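Results of the structural survey
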Amino acid sequence: MATLEGFRDKEFLDQITILNEISGNKDSEHLPGLVKLLKSPVGDTSIDYMVVNALNAVLSQSESETVAGMEDDHPGYRILCIRVAGEYGFGTATPTLVKIAEQETDPDRLMEVLTSLARISDSGALPVFRKYLEHEDPFISALCIEALGKLRDLSSVGFLKTILTESEAPDKYEICDITTWKAVESLAAFDTEDTLAFLVEKLHHKNPTVRRIITDAMTDIGSPVIPLLLAAFEQGDTDMKILTANVLGFIADKACADGLVAAFDKGLASDNNVRYALYEALGRVGTMKGIICLVDGLTEEEELTLMAVIGGLEKHVNPGIVAKLTTIVQSATEQGDRVAKAIINTGATNLFDALYENAGAGDGLIAALEQSNDPEIIEEFRSLLLEIGGSRAEQDLARLPQPEAATRKALAADDSRSMCAMHKAILTDLGFDPLLAPNGQEAFELIEQGEEFEIIITDMNMPVMDGLELVGKVRNTPGYEDVPIIMVTTESEASQQNLARKTGVTAFITKPFKPDELKEKINELLA
Amino acid sequence: MDVELAKPFIKAAVDVLSTMAFIQPQVGKPFVKKNNMAQGDVTGLVGLTGEKNGSVSLSFSKACAVAIVKNMLGDEIEDILSDVKDAVGEMTNMISGQARAGLAEKGLIFQGSTPTVIMGDNHTISHLAKSPIMAIPFSTDHGGFTIEFCFE
């Protein structure tokens, strides 16, 4: 049986054994002795540390002693009890903790008290969390925001909304504060129609990090937010439609596709960019209705939009799709050529494989493939043809152009697969060997690996690292001070062009554009 | 991640730098990072496992790292490169250890890996995480450094 009697005179090893035993049995009879040891320490760091651990263990079994200890005269013991109360969620500690928090002026100690209150998560603490919501220490403020969200304190909703609204102010929007981050998460945690609708409204926040946090929060919430997103899609402007379509695609619920198709049928996707986002989302979700809408989209004439349709269908190949595509591709019409070209340019090998069985459709695809200058694409389909085998495949293989390895390299960064495929087709046509990246970070990694690019094309908004940051980094890289950079923007991003130009963008091209326009721009810059 | 995890690291960074290198850092305003890369000239990186899994990095500007070494070693610098590497590794280890002790007192138990030091002017390192990364900038008379937190 461990005893603390004469503890100070004992050998080091005995002291350790005793404290270990107390930590294990957590017997409250040792409390007075341990408190004495804490208040006048032995002086050996490891022993003193073990005393704290043993006290923590003993106090964990005694809620009343812990609560009493929070008002002890000894500051060290006070803090220890405050922490224990939080760690073990002692509900009866709330009133005392609230009282301490109300009077505490030192930010570090206040943080300790509030942390414990947050861990206990008792509604009795609401007044103090509200009181320190605007504390100058961002950690304290963020902690209160988080706690109020967890406790679903509806009366704070207004303030949280204000945080998010004010974070868009001209002098603030460039940085995403931790308070803004926590405000979004808390508003999402409330999960009421009001807070979710507000978040949907803020989908187009000026700061890309905040946009991403909101998008992630909505993707996590899923079903409850779908009707709100669909409403925003119906009522919002072009940008809102694109953003909501993207989020609906990420949620990937059947209701997302149904709603998008309904909106499409109402004629709410007349804008090319909106239809593009809608097709991409439908491709992600992949419900029957969505696929039918995608099949209908095969009449799209614009190259990029058609590529989004093909990209979506590629993920859900079924006999119906194949039959429809076969008819179109072997029809020897302009649309047939366009669809065949889109299948080739998106690298849709599943569709190709299914269509090739039909000799007519196969011919159409091979004709499109012959026109491609992209060695990678040709290689991809070449190996597919080898796999398919047979005499017809062998003859077709002989028809394929032998790609010459391009030596001039170009870099394209875009988070949309279809945009990447289009950049690739354009750059290959111009005789470049294009390297593609889904975001700024991966693009920059290619540069860091020592690749030398003659031209760089980048999207403005991308996850992980956006276009502006990429441009800034590229311009700071030796040898890249003058390499032409073309930024792809939408109409609505025009306001950010000034900033982009200052960062080092050479030229802009606004979506939607025809491949020839981009080609012209590239030739102009490299002339 | 919870903001409460950050405070012990801030306290440890200030404590360690002021006691070991006689540099008094000023804490700046924390923010959420746009990407998941740490950027600096010298970075100390530790992996943490336990309550949550993640990594914490301390990225120093060259001037700040050199100032730390000079203050710690005085005139005994033999090879500035290896001394910087050593000092930043040691700093990171101490800060991680002290912060973990602080967290343990609150019942949050973490194990820390031995620190890795990465050097290279304006290098970048990727943290692996899905959740947003919080960064805390510090300024000193000799240039700045940043602590970044990244948890699953």
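Up top you'll find the structure we're talking about.
Conventions we followed
Residues numbered from 1 in each chain as written. Chains lettered and ligands numbered in written order. Predicted model: local features only at pLDDT ≥ 70, side-chain atom pairs only at ≥ 80, totals over all residues. Helix = DSSP H or I, 4+ residues; strand = E, 2+ residues; numbered from the N terminus. Rg over C-alpha atoms; globule rule 2.2 N^0.38 Å. Buried ≥ 20, exposed ≤ 12 C-beta atoms within 10 Å, placed from the backbone. Contact = placed C-beta atoms within 7 Å. Nonpolar A, V, L, I, M, F, W, Y, C, P; charged D, E, K, R; others polar. Pairing = 2+ DSSP bridges. Axes fitted to C-alpha atoms, helices over the stretch in contact; angles between N-to-C directions. Parallel < 35°, antiparallel > 145°, perpendicular 65-115°, else oblique. Left-handed = near helix turned anticlockwise from the far one by under 90°. Expected span 1.5 Å × (residues − 1). Core = buried A, V, L, I, M, F, W, Y, C linked by C-beta atoms within 7 Å. Arc of directions from axis to C-beta.

**Let's talk about the overall build of chain A**
Helix and strand counts for chain A come out as 30 helices and six strands. For chain A, whose C-alpha radius of gyration is 32 Å, the value lies well above the compact-globule estimate of 24 Å for 527 residues. Along the longest, intermediate and shortest principal axes, the C-alpha atoms of chain A span 100 × 50 × 50 Å. By residue count, 45% of the 527 residues in chain A fall in the buried class.

**So, the overall build of chain B**
The number of helices and strands found in chain B is three helices and eight strands. Reading chain B from its N terminus to its C terminus gives the helix and strand order α-β-β-β-β-α-α-β-β-β-β. On C-alpha atoms alone, chain B measures out to a radius of gyration of 14 Å, which is about the 15 Å that the 2.2 N^0.38 rule sets for 152 residues. Its C-alpha atoms give chain B principal-axis dimensions of about 40 × 30 × 25 Å.

**So, the interface of chain B and chain A**
Facing 17 residues of chain B, the contacting portion of chain A comprises 23 residues. Taken together, the elements giving at least two residues each to the side of chain B that touches chain A come down to helix H1 (6–20) and strand S2 (31–32) of chain B. Of the residues contributing to the side of chain B that touches chain A, the split by class is eight nonpolar, three polar and six charged. Note that strand S1 (residues 176–177) of chain A and S2 of chain B share two bridges and pair antiparallel. By the bridge assignment, Cys 176 of chain A is partnered in S2 of chain B with Val 32 of chain B.

**Some words on the packing of helix H20 (residues 319–329) of chain A against helix H22 (residues 349–356) of chain A**
Residues and elements named next belong to chain A. Remark: H20 packs on H22, axes separated minimally by 10 Å, with the N-to-C direction vectors making an angle of 75°. When the axis of H20 is compared with that of H22, the two are roughly perpendicular. Contact with H20, carried on its side by Val 322, Leu 325, Thr 326 and Val 329, involves Leu 351, Ala 354 and Leu 355 of H22 and no other residues of that element. Counted by class, the contact of H20 with H22 contains six nonpolar, one polar and no charged residues.

**Digging into the packing of helix H11 (residues 178–190) of chain A against helix H12 (residues 193–201) of chain A**
All names here are of chain A. In contact at an axis separation of 7 Å, H11 and H12 are set at 140° when each is read in the N-to-C sense. Considering the angle they form, H11 stands oblique to H12. The hand of the H11/H12 crossing is left-handed. Between H11 and H12, the contacting residues are Val 184, Leu 187, Ala 188 and Phe 190 on the first element and Thr 195, Phe 198 and Leu 199 on the second. In the contact of H11 with H12, the residues fall into six nonpolar, one polar and no charged.

**Topic: helix H17 (residues 272–285) of chain A**
In an α-helix, one full turn covers 3.6 residues, which means residues spaced three or four apart are oriented alike. All names here are of chain A. When the terminal C-alpha atoms of H17 are compared, their 20 Å separation across 14 residues agrees well with the 20 Å that a helix rising 1.5 Å per residue should span. In terms of residue burial, H17 counts as a mostly covered element, since 12 of its 14 residues are buried. Lining the buried residues of H17 we find helix H15 (238–251), helix H16 (254–265), helix H18 (288–296), helix H19 (303–314) and helix H26 (417–429). Just past H17, the residue Gly 286 takes up positive phi, approximately 70°.

**Quick look at the nonpolar core**
Residues Leu 114, Leu 260 and Leu 365 of chain A are the most contacted members of the largest nonpolar core, which totals 205 residues. Among all residues touching Leu 114 of chain A, those that are not within four sequence positions of it are Ala 101, Tyr 132, Ile 140, Leu 143 and Cys 144 of chain A.

**Describing the sheet that holds strand S6 (residues 507–510) of chain A**
All names here are of chain A. Ordered in space as S3-S2-S4-S5-S6, the five strands form an open sheet in which the pairing is parallel. Since the sheet does not close on itself, it has two edges, and those belong to strand S3 (432–437) and S6, each with one partner. Here the strands of the sheet are splayed against their neighbours by 20° on average, with no regard to which way each runs. Pairing analysis gives six bridges linking strand S2 (residues 408–413) to S3, with the strands arranged parallel.

**What to know about helix H6 (residues 94–103) of chain A**
Residues and elements named next belong to chain A. Here H6 has its buried residues at Thr 94, Thr 96, Leu 97, Ile 100 and Ala 101. Down the axis of H6, the buried side of the element spans an arc of 160°, and every buried residue falls inside it. Residues of H6 that are buried make contact with helix H4 (63–69), helix H5 (75–87), helix H7 (107–120) and helix H8 (126–131).

**Here's the deal with the environment of Asn 246 of chain A**
Residues and elements named next belong to chain A. Relative to the assigned elements, Asn 246 resides in helix H15. Each C-alpha atom, one on Asn 246 and one on Leu 278, is 7.5 Å from the other, the two residues being 32 residues apart in sequence. Sequence-distant contacts of Asn 246, that is, excluding residues within four places in its chain, are made with Ala 277 and Ala 281.

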